[in-house]
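Overview (structure and organization)
Chain by chain, the residues:
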Amino acid sequence: MDIDKKVWEVLCSEEDILNRLNELGTEISDYYRGKNLYIVSLLKGSFIFTADLVRKLDVPVKVDFMTTSSYGHGEESSGSVKIVNDIKGDLKGYHVLVVDDITDSGLTMKSVMDHLKTKNPEGVKSCVLLDKPERRKVEIEPDYVGFTIPDKFVVGYGLNYGDYYRNIPYVFVVTDEDR
Ligand code: 5GP
Ligand code: MG
């Protein structure tokens, strides 16, 4: 994919993201203070968001990673989600917070949360940098949302275009994508 010929429009600037991270860090720390917090970050898209978010928390936290993939090809979820790499062990006594880059159809978050609930945690909540509620296929509302965005394909800050652009430090829209 040749992104260079397309128009980039910044949707969430570095400053926007930093401000929101500070707010989320406070809100999440306040809720989990006195609880055993266990963050499960979904690779690859959430690696940057997770790295920045955990450094805004002032409560003890375990951090682990899961990899999921949707069956089928392309950027859109096809309807079922496969766990490619699971976390090890039981979650008894822990309050799990699943962290992802974006909730789109909601299929990834819903199936990961359902799966983690079978490991007997005290609770499971969700946190996403971006939420595209217009695209929802299953009923799910993330507990913590960085930014609610319109139905546009977004890139940067962990989100990919092809296999690239995850390292761009802000979120942008490729404006001539026709979605
Ligand atoms: P779901 O449809 O299951 O909620 O989201 C599936 C995955 O599709 C997300 O975790 C994310 O990796 C990817 N995805 C959804 N919307 C976008 C988008 O606008 N840009 C990028 N780069 N990936 C997206
Ligand atoms: Mg993802």
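As shown above, the structure is provided for reference.
The present account deals with the structure reproduced in this document. (Residues numbered from 1 in each chain as written. Chains lettered and ligands numbered in written order. Predicted model: local features only at pLDDT ≥ 70, side-chain atom pairs only at ≥ 80, totals over all residues. Heavy atoms only, no water.)

1. Here's the deal with the environment of I87
Here is the rule we go by: Numbering goes from the N terminus for both helices and strands, where a helix is a DSSP run of H or I of at least four residues and a strand is a run of E of at least two. Only protein chains enter the calculation, and the probe is 1.4 Å; a residue is then buried if its accessible area is under 20% of its type maximum, exposed if over 50%, and partly exposed in between. Two residues form a contact once any of their heavy atoms are found within 4.5 Å.
Within the secondary structure layout, I87 lies in the loop between β4 (81–85) and β5 (95–103). The class for I87 is buried, based on a relative accessible area of 4%. Ignoring sequence-local partners within four residues, the contact set of I87 consists of Y38, V40, D64, F65, M66, L116 and K119.

2. What to know about the packing of helix α1 (residues 14–32) against helix α2 (residues 47–54)
Stated formally: Axis lines are fitted to C-alpha atoms, over the contacting stretch for helices. Their N-to-C directions set the angle, which ranges from 0 to 180 degrees. For a crossing to be left-handed, the near helix must be turned anticlockwise from the far one by less than a right angle; the clockwise case is right-handed. Throughout, the ten residues Ala, Val, Leu, Ile, Met, Phe, Trp, Tyr, Cys and Pro are labelled nonpolar, Asp, Glu, Lys and Arg are labelled charged, and all others, Gly among them, are labelled polar.
Between α1 and α2, the least distance of the axes is 9 Å, while the angle of their chain directions is 65 degrees. In terms of crossing hand, the pair formed by α1 and α2 is right-handed. Across the interface between the two elements, L21, L24, G25 and I28 from α1 touch F49, D52 and L53 from α2. Considering only residue class, the contact of α1 with α2 consists of five nonpolar, one polar and one charged.

3. Here we look at unusual backbone geometry
Omega for the bond connecting L43 with K44 falls within 30 degrees of zero, at 0 degrees, which places this linkage in the cis form. Relative to the helices and strands, K44 is located in the loop between β2 (37–43) and α2. The phi torsion at Y157 lies on the positive side, around 50 degrees, for a residue other than glycine. Within the element layout of this structure, Y157 appears in the loop between β8 (154–155) and β9 (171–174). One non-glycine residue, Y165, lies in positive phi territory at about 75 degrees. With respect to the secondary-structure elements, Y165 resides in the loop between β8 and β9.

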